[in-house]
Amino acid sequence: MSLPERPLPNTCPPPASAVPGACLVVDEMHPSLEPLLRAVGVTITYCPRLTAAEVPAALAAYPYEGLVVRSKLRVTAELLAHGPHLRYVARAGAGTDNIDEAALAAAGVALLNAPEGNRDAVGEYAVGLLLALFRNIARANHEVRQHQWHREANRGEELGGKTVGLLGYGHMGRAFARRLSAFGCTVLAHDSDPGIGADDYARLVDLSELQARAEVLSLHIPYSAANHHFVNEQLLAGFATPIWVMNTARGEVLDQAALVGALQAGTVRGAALDVLENERLTTLTPEQRATFDFLAGAPNVVLSPHIGGWTHQSYARINEVLARKIAAFRLGGAGRIAGS
């Protein structure tokens, strides 16, 4: 039975099948989402062209049970007030830093995400970043294109035999560790979550042992207020020997100014960053501009635009994970935030 509808913004079509169990999708998604959700009894209203400002009105136009987002907007208590019938918010990806978890809990709304969907993409990409850093791949490519042939200057490091320290051992850290095993690396992992267990690919250690032994520090922790600048000047200075630093998690967990200082001091030998503190490069503050300019000009730094989990395969696989979790939730399961 169709329920009363309010007018939707011009950028959003009205729900063609206004039935209980419908969800509103406000970001661009792989086209497999609609048939996957239809197969589990969920009708979608697909509105990827909505602006963040238009989402509240779209959410209020129909008593949606679910809201599917990527990173277009922040899900706050104010937004949830426009969707009093919401039962779940599904984040198409791993990170949930754009979602106010306390507000969802207060409203009795479950949070579902899909780190299983892009963990393999991130694991593979992290290996690629580390190899690019160790073997000067990006720099050498640029030089040859400029008709420069510098073999000795680009003599690199081998990954085999290195001790790699992972900060965070959820889905992404485990995917990276599994791939490092093929290179003969020793992998140490530190995670503050007592529910995280060891496996065949890494040994769980406390932070002091990781600092004492690691030659590479790779970040795999989610962003939260508690994790803001978790990797700072003090933490970087605590490593026993100069290290390489990698970040495929969230830019805000790493103090970018502290990283620049450590690179200048030689306590960090090089860095590979797929994420930055501020990824909107046209809005950098003067301090952010200074650190970015240093990183962009440093020969021992590799940068990329947050594409670690961005593959054709993960784009579709995220939908499969979300569809399974939405189906399980509607059958009586609970929303759970999976580790990063």
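Quick caveat, the model's predicted, so the values are computed rather than measured.

Glancing now at the sheet that holds strand β10 (residues 243-247). In spatial order, the strands read β8-β7-β6-β9-β10-β11-β12; together these seven strands make up an open sheet with parallel pairing. Sheet topology places β8 (203-204) and β12 (301-303) at the edges, where each strand pairs with a single neighbour. As defined by bridge partners, β10 adjoins strand β11 (residues 268-273) across five bridges and the pair is classed as parallel. The partner of asparagine 247 across the bridge, within β11, is leucine 273.

Before going further, it helps to spend a moment on helix α11 (residues 286-297). For α11, spanning twelve residues, the distance from its first C-alpha to its last is 17 Å, which sits close to the expected 16 Å at 1.5 Å a residue. Residues Thr291, Phe292 and Leu295 constitute the buried set of α11. The arc that holds the buried residues of α11, viewed along the axis, is 100°, so those residues lie on one side. Every exposed residue of α11 that faces more than 90 degrees away from the buried side is listed here: Pro286 and Gly297. Structurally, α11 contributes buried residues whose contacts are with α10 (256-265), β11 and β12.

Take the layout of surface pockets next. Considered as a void within the structure, the second largest pocket measures approximately 250 Å³ in volume. As for the second largest pocket, its lining consists of Arg135, Ala140, Glu143, Val144, Gln148, Trp149, His150, Arg151, Glu152, Asn154, Arg155 and Gly156. If one sorts the elements of the lining of the second largest pocket by residue count, helix α6 (residues 137-145) sits on top with three residues.

For the rest of this paragraph, the subject is the pairing of strand β5 (residues 110-113). Burial along β5 is two-sided: Ala110 and Leu112 and Leu111 and Asn113, pointing in opposite directions, are all buried. Here strand β4 (residues 88-91) runs beside β5; their pairing, made up of four bridges, is parallel. Looking at the pairing, arginine 91 lines up with asparagine 113 of β5. For the crossover from β4 across helix α4 (residues 101-107) to β5, the handedness is right-handed.

What follows concerns the environment of leucine 33. Following the sequence through the fold, leucine 33 ends up in helix α1 (residues 33-39). Judged by its relative accessible area of 3%, leucine 33 is buried. Placed 99 residues apart in sequence, leucine 33 and alanine 132 show a C-alpha to C-alpha distance of 34 Å. With near-sequence residues (within four places) excluded, leucine 33 lies in contact with Val25 and Asn319.

The parallel open sheet is built from five strands, whose spatial order is β2-β1-β3-β4-β5. One side of each edge strand has no neighbouring strand; the edge strands of this open sheet are β2 (44-46) and β5. If you compare each strand with its neighbour and ignore which way they point, the axes differ by 20° on average. Direction of pairing for strand β3 (residues 66-69) relative to β4: parallel, over a ladder of four bridges. Note that in β4 the partner of valine 69 across the bridge is arginine 91. Together, β3, β4 and β5 form the strand contacts of helix α12 (residues 312-330), whose direction differs from that of β5 by roughly 155°.

Conventions used here
- Residues numbered from 1 in each chain as written.
- Predicted model: local features only at pLDDT ≥ 70, side-chain atom pairs only at ≥ 80, totals over all residues.
- Heavy atoms only, no water.
- Pairing = 2+ DSSP bridges.
- Helix = DSSP H or I, 4+ residues; strand = E, 2+ residues; numbered from the N terminus.
- Expected span 1.5 Å × (residues − 1).
- Buried < 20%, exposed > 50% of the residue type's maximum accessible area, 1.4 Å probe, protein only.
- Arc of directions from axis to C-beta.
- Contact = heavy atoms within 4.5 Å.
- 1 Å grid on protein atoms, 1.4 Å probe; cavity = no way out; pocket = protein on both sides within 12 Å on 5 of 7 lines; lining within 4 Å.
- Points joined across faces, edges and corners; volume = space filled by probe spheres on them.
- Right-handed = clockwise from strand over helix to strand, strands pointing away.
- Axes fitted to C-alpha atoms, helices over the stretch in contact; angles between N-to-C directions.

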